[in-house]
Amino acid sequence: MSTLTLVPAVYRCPDHDNVEVITARVLERVGREALVRADVGRAPFRVSVTCPGRRGDDSTAHTRVCEGTWESALQHAS
């Protein structure tokens, strides 16, 4: 995963302060795609991830759609 960059790099829920959780979930989903499409080096994405909602209140969990571009950091190094 350390070779993957998300552009923009941070994703958030406008209703809750879950930037780190949502970004980690986006990175996980997009990372799987990047492994399969390693020959591409850069591609747009649109993924749905679960926002856990308010801390301590599971009933506020909901789905967020995040989009952007992923790119391989190895592409920049060469």
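All of these numbers come straight from a predicted model, not from anything done at the bench. (Residues numbered from 1 in each chain as written. Predicted model: local features only at pLDDT ≥ 70, side-chain atom pairs only at ≥ 80, totals over all residues. Heavy atoms only, no water.)

Draft legend 1. View of the overall build of the protein. On a plain count of helices and strands, the protein comes out with two helices and three strands. If you list the helices and strands of the protein from N to C, you get β-α-β-β-α. Expressed as lengths along the three principal axes of its C-alpha atoms, the size of the protein is roughly 45 × 20 × 15 Å. Here the protein holds 78 residues, and the buried ones make up 35% of them. A sequence separation of at least 24 residues applies to 57% of the contacts in the protein between residues at least 6 apart. If you sum the accessible surface of the protein, you get close to 5,200 Å²; carbon and sulfur atoms cover 51% of it. (Helix = DSSP H or I, 4+ residues; strand = E, 2+ residues; numbered from the N terminus. Buried < 20%, exposed > 50% of the residue type's maximum accessible area, 1.4 Å probe, protein only. Contact = heavy atoms within 4.5 Å. Areas by Shrake-Rupley, 256 points an atom, 1.4 Å probe, with all protein chains shown as cover.)

Draft legend 2. A look at unusual backbone geometry. In this structure, proline 8 follows valine 7 across a cis peptide bond, with omega equal to -5 degrees. Residue position: proline 8 is located in the loop between strand S1 (4-7) and helix H1 (19-36).

Draft legend 3. Seen up close, the nonpolar core. Counting 15 residues, the largest nonpolar core has Leu6, Ile22, Val26, Val30, Phe45 and Trp70 as the members making the most contacts within it. Every element with two or more residues in this core is listed here: S1, H1, strand S2 (42-51) and strand S3 (62-72). Here phenylalanine 45 is in contact with Leu6, Tyr11, Val26, Val30, Glu33, Cys66, Glu67, Gly68, Thr69 and Trp70, once residues within four sequence places are set aside. (Core = buried A, V, L, I, M, F, W, Y, C linked by side-chain atoms within 4.5 Å.)

Draft legend 4. Layout of the sheet that holds S1. Spatially, S1-S3-S2 is the arrangement adopted by the three strands of the open sheet, whose pairing is antiparallel. Pairing within the sheet leaves two strands with one partner each, and these edge strands are S1 and S2. Pairs of neighbouring strands in the sheet enclose a mean axial angle of 45 degrees, with direction left out of account. Relative to S3, S1 runs antiparallel, the two being bridged by four bridges. Looking across to S3, one finds that valine 7 is bridged to threonine 69. (Pairing = 2+ DSSP bridges. Axes fitted to C-alpha atoms, helices over the stretch in contact; angles between N-to-C directions.)

Draft legend 5. Layout of the side chain of threonine 60. By secondary structure assignment, the location of threonine 60 is in the loop between S2 and S3. Classification of threonine 60 by relative accessible area gives buried; the value is 15%. Here aspartate 57 takes part through its backbone oxygen, which lies 2.8 Å from a polar atom of the side chain of threonine 60. Apart from the residues lying within four places of it in its own chain, the contact partners of threonine 60 are His16, Pro52, Gly53 and Arg54. (Polar contact = N/O pair within 3.5 Å; in protein donor to acceptor, adjacent residues only side chain to side chain.)

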